[in-house]
There are 2 protein chains.
Amino acid sequence: MFGKIILVKELEFYFDFASTYSYLSVMRVSSLVKEKNVRIVFKPILLGPIFKTMGWDTSPFHIYPAKGKYMWKDLNRRADKWGIPLVIPSVFPANGLFAARIAVLSSGEVWNSDFIKQVFCAQFQENKDISSEDTLRSILQRLNVLGIDSILANSKSDANKEALRNETEKARVLGIFGAPSFIYKEELFWGDDRLEDALDWVETHD
Amino acid sequence: MFGKIILVKELEFYFDFASTYSYLSVMRVSSLVKEKNVRIVFKPILLGPIFKTMGWDTSPFHIYPAKGKYMWKDLNRRADKWGIPLVIPSVFPANGLFAARIAVLSSGEVWNSDFIKQVFCAQFQENKDISSEDTLRSILQRLNVLGIDSILANSKSDANKEALRNETEKARVLGIFGAPSFIYKEELFWGDDRLEDALDWVETHD
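Residues numbered from 1 in each chain as written. Chains lettered and ligands numbered in written order. Predicted model: local features only at pLDDT ≥ 70, side-chain atom pairs only at ≥ 80, totals over all residues. Heavy atoms only, no water.

- The name given to chain A in an unreviewed UniProt entry is 2-hydroxychromene-2-carboxylate isomerase, with Leptospira idonii as the source organism.
- For chain A, the Catalytic activity (unreviewed entry) comment in UniProt is given as "2-hydroxychromene-2-carboxylate = (3E)-4-(2-hydroxyphenyl)-2-oxobut-3-enoate".
- Regarding chain A, the UniProt comment filed under Sequence similarities (unreviewed entry) reads as follows: "Belongs to the GST superfamily. NadH family." (UniProt positions renumbered as here; feature names shortened; annotations may be inferred.)

In structure tokens:
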């Protein structure tokens, strides 16, 4: 007799470390997928190059101050609603390049998703500078990661820089223009407020 | 003995007739407020002048094609989810100026909210040209409105044009940068996906 074969479906979760609503989704997603047959595949990207193709040289929340003011208010309200701690970072948008390179390099490692979550928490709960090697090193240490020095060095290799650029460009080609974005078999969902819809979609589509 | 005094709270609902997500909210709001102690106050505005202050000379869904493509997909998905009929209009964004002027002029009339809903339905269910006098006249006729000729004429009076401009400028000053937007005592909510949050806020705040 054969056992039951359960096919685990994968939802791609595109994020930028500086993205405020990505923080909310990162904090919410693990309890939302619990007991669902869905695995989250984190995809670090850089919104900067994507925004550049849209004519923006910084966050739209700076370019359009009314939108920015509203975003912080909305973010606070949403964080309150779900009981997610939130400290407004003193620098926005953060420079998430170094952290994104480490996240790309470690995409196959068991500690990858914890690292991603910890970087977001450092930024949005402790107001830490996530571009600093000290911050990133201490997160890796706390996760008991082995070979931290070589990880930090390898994250800056040409091949790994290229890998992050490629992920970003692939995301743009898939239609991504903001974060967080979720993709299941080319079906795109944008925004923390579409996370539940994306998960429902995965469950109801092959 | 005194009877119980029930204070009806008012939620302001800012919309532009060309706004796709305003259509969804207009279709959803009446059943959401049923049995709640909340009255919806419709506030027609023009996004055009507000977008102009943001440097946009047309809909951001045209200026940023990836956003536009996604919006139609998302709109379809959301309409499906709630069983709201949706026909993609052949012209977008529609010219909602004439309809908005009638909506401002008739803000005190009992048929005002039905008129607003019917204009949205004409656009997003029947692909009608909502800038045409024929379309608007036939909606008013269907609603058994009296004095249609003078309504159509008065909507174009200098005083009424000015009234719509004032409503739009007041909305901008309140921080509105898109539609639909909901305001309860200066607390701003943007987007159809915040309609439930806005109603919860009204219920839980004095």
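Next comes the rest of the description.
Quick look at the interface of chain B and chain A
One frequent convention defines the size of an interface as the accessible area lost when the parts assemble.
Here is step 1 of the chain: In this assembly, 22 residues from chain B lie in contact with 22 residues from chain A.
Here is step 2 of the chain: In this assembly, chain B packs against chain A so that about 2,200 Å² is buried in total across both faces, 52% of it on carbon and sulfur atoms.
Here is step 3 of the chain: Sorting the residues of chain B by area buried against chain A places Y70, R77 and R194 of chain B first, and these three jointly supply 27% of that buried surface.
Here is step 4 of the chain: Inspection of the chain B/chain A interface yields twelve salt bridges. (Contact = heavy atoms within 4.5 Å. Buried area = accessible area lost by both parts, 1.4 Å probe. Salt bridge = Lys/Arg side-chain N within 4 Å of Asp/Glu carboxyl O.)

Regarding empty space enclosed by the protein
Residues and elements named next belong to chain B.
Here is step 1 of the chain: All told, the structure shown has two cavities of 30 Å³ or more when counted by the stated rule.
Here is step 2 of the chain: Roughly 40 Å³ of internal volume is contained in the largest cavity.
Here is step 3 of the chain: Residue lining of the largest cavity: Q118, A122, E126, K128, T135, S138, I139 and R142, and that is the complete set.
Here is step 4 of the chain: The biggest single contributor to the lining of the largest cavity is helix α7 (residues 133-142), with four residues. (1 Å grid on protein atoms, 1.4 Å probe; cavity = no way out; pocket = protein on both sides within 12 Å on 5 of 7 lines; lining within 4 Å. Points joined across faces, edges and corners; volume = space filled by probe spheres on them. Helix = DSSP H or I, 4+ residues; strand = E, 2+ residues; numbered from the N terminus.)

Some words on the relation of the copies chain B and chain A
Here is step 1 of the chain: Superposing chain B onto chain A takes a rotation of 180° plus a shift of 0.0 Å along the axis, which leaves an RMSD of 0.0 Å. On the angle and the small slide along the axis, the relation comes out as a two-fold axis. Relative to the rotation axis, the closest C-alpha in chain B is found at D193 of chain B, a distance of 3.7 Å.
Here is step 2 of the chain: Of the residues that chain B buries at the interface, 100% are likewise interface residues in chain A, meaning the two copies contact each other through the same surface. (Least-squares fit on C-alpha atoms with pLDDT ≥ 70 in both.)

As for the UniProt feature "active site" (unreviewed entry) in chain A
Here is step 1 of the chain: Under the present numbering, the feature "active site" (unreviewed entry) in UniProt falls on S19 of chain A.
Here is step 2 of the chain: Beyond its immediate chain neighbours, meaning those up to four positions away, S19 of chain A contacts F120, F124, A179 and P180 of chain A.

Section: the sheet that holds strand β1 (residues 9-15) of chain A
All names here are of chain A.
Here is step 1 of the chain: An order of β2-β1-β3-β4 is seen for the four strands of this open sheet, with the pairing classed as mixed. If you trace the sheet from one side to the other, it starts and ends with β2 (38-44) and β4 (187-190), each paired once. On average, each strand axis in the sheet is inclined to that of its neighbour by 25°, with strand direction left out of account.
Here is step 2 of the chain: Pairing of β1 with β2, which is carried by seven bridges, proceeds in the parallel orientation. Note that in β2 the partner of L11 across the bridge is I40. (Pairing = 2+ DSSP bridges. Axes fitted to C-alpha atoms, helices over the stretch in contact; angles between N-to-C directions.)

Regarding the pairing of β4 of chain A
Residues and elements named next belong to chain A.
Here is step 1 of the chain: With four bridges joining them, strand β3 (residues 181-184) and β4 adopt antiparallel strand pairing. Paired with F182 across the strands is F189, a residue of β4.
Here is step 2 of the chain: Linking β3 back to β4 in an antiparallel pair, the connection comprises two residues, with K185 at a positive phi of about 45°.

Some thoughts on the nonpolar core
Here is step 1 of the chain: Residues L11, F17 and F115 of chain A together with L11, F17 and F115 of chain B are the most contacted members of the largest nonpolar core, which totals 135 residues.
Here is step 2 of the chain: Excluding its chain neighbours within four sequence positions, the residues that come into contact with F17 of chain B are G96, A99, A100, A103, I116, V119, F120, Q123, F124 and I130 of chain B. (Core = buried A, V, L, I, M, F, W, Y, C linked by side-chain atoms within 4.5 Å. Buried < 20%, exposed > 50% of the residue type's maximum accessible area, 1.4 Å probe, protein only.)

Re helix α1 (residues 20-33) of chain B
Residues and elements named next belong to chain B.
Here is step 1 of the chain: Helix length check: α1, at 14 residues, gives a terminal C-alpha distance of 21 Å against a target of 20 Å (1.5 Å per residue), a fit within 8%.
Here is step 2 of the chain: Of all 14 residues in α1, ten are buried, a share of seventy percent or more.
Here is step 3 of the chain: Following α1 by one or two positions, E35 adopts a phi angle in the positive range, close to 65°. (Expected span 1.5 Å × (residues − 1).)

Quick look at the sheet that holds strand β1 (residues 9-15) of chain B
Strand pairs in the sheet, formed through backbone hydrogen bonds, run parallel or antiparallel to each other.
Residue and element names in this part refer to chain B.
Here is step 1 of the chain: Across the sheet, four strands lie side by side as β2-β1-β3-β4; this open sheet has mixed pairing. Looking at the sheet topology across the chains shown, the edges are occupied by β2 (38-44) and β4 (187-190). Pairwise comparison of adjacent strand axes, ignoring direction, gives a mean angle of 25° for this sheet.

Side note on the environment of I45 of chain B
Residue and element names in this part refer to chain B.
Here is step 1 of the chain: Mapped onto the elements of the fold, I45 is located in the loop between β2 and α2 (47-53).
Here is step 2 of the chain: Overall, I45 belongs to the buried group, its relative accessible area being 1%.
Here is step 3 of the chain: It is 12 Å that separates the C-alpha atoms of I45 and S107, two residues lying 62 residues apart in sequence.
Here is step 4 of the chain: Other than its neighbours up to four places away in sequence, I45 contacts Y14, F15, D16, I50, L164, E167, T168, A171 and I176.

Focus: the packing of aromatic side chains
Here is step 1 of the chain: Applying the stated rule across the entire model yields 38 aromatic pairs over all chains.
Here is step 2 of the chain: Ring geometry for F13 of chain B and F15 of chain B: centres 6.1 Å apart, planes at 75°, overall edge-to-face.
Here is step 3 of the chain: In this structure F13 of chain B comes out as buried when scored by relative accessible area, which is 0%.
Here is step 4 of the chain: Exposure remark for F15 of chain B: the relative accessible area of 0% places this residue in the buried category.
Here is step 5 of the chain: What links up through ring pairs into an aromatic cluster is the set F13, F15, F17, Y23, F42, F120, F124 and F182 of chain A.
Here is step 6 of the chain: Between R77 of chain A and the ring centre of F189 of chain B, over which it is positioned, the NZ or CZ distance is 3.7 Å.
Here is step 7 of the chain: Directly above the ring of F98 of chain A sits K156 of chain A, whose terminal nitrogen or CZ lies 4.2 Å from the centroid. (Phe/Tyr/Trp six-rings, centres within 6.5 Å; stacked < 30°, edge-to-face > 60°. Lys NZ or Arg CZ within 6 Å of the ring centre and 35° of its normal.)

Focus: the pairing of β1 of chain A
Put simply, side chains in a regular strand alternate between the two faces of the sheet.
Residues and elements named next belong to chain A.
Here is step 1 of the chain: Counting buried residues along β1, five of its seven residues qualify, which places the element largely inside the surrounding structure.
Here is step 2 of the chain: For β1 and β3, the ladder comprises three bridges, and the chain directions are antiparallel. Directly across from E12, in β3, lies its bridge partner I183.

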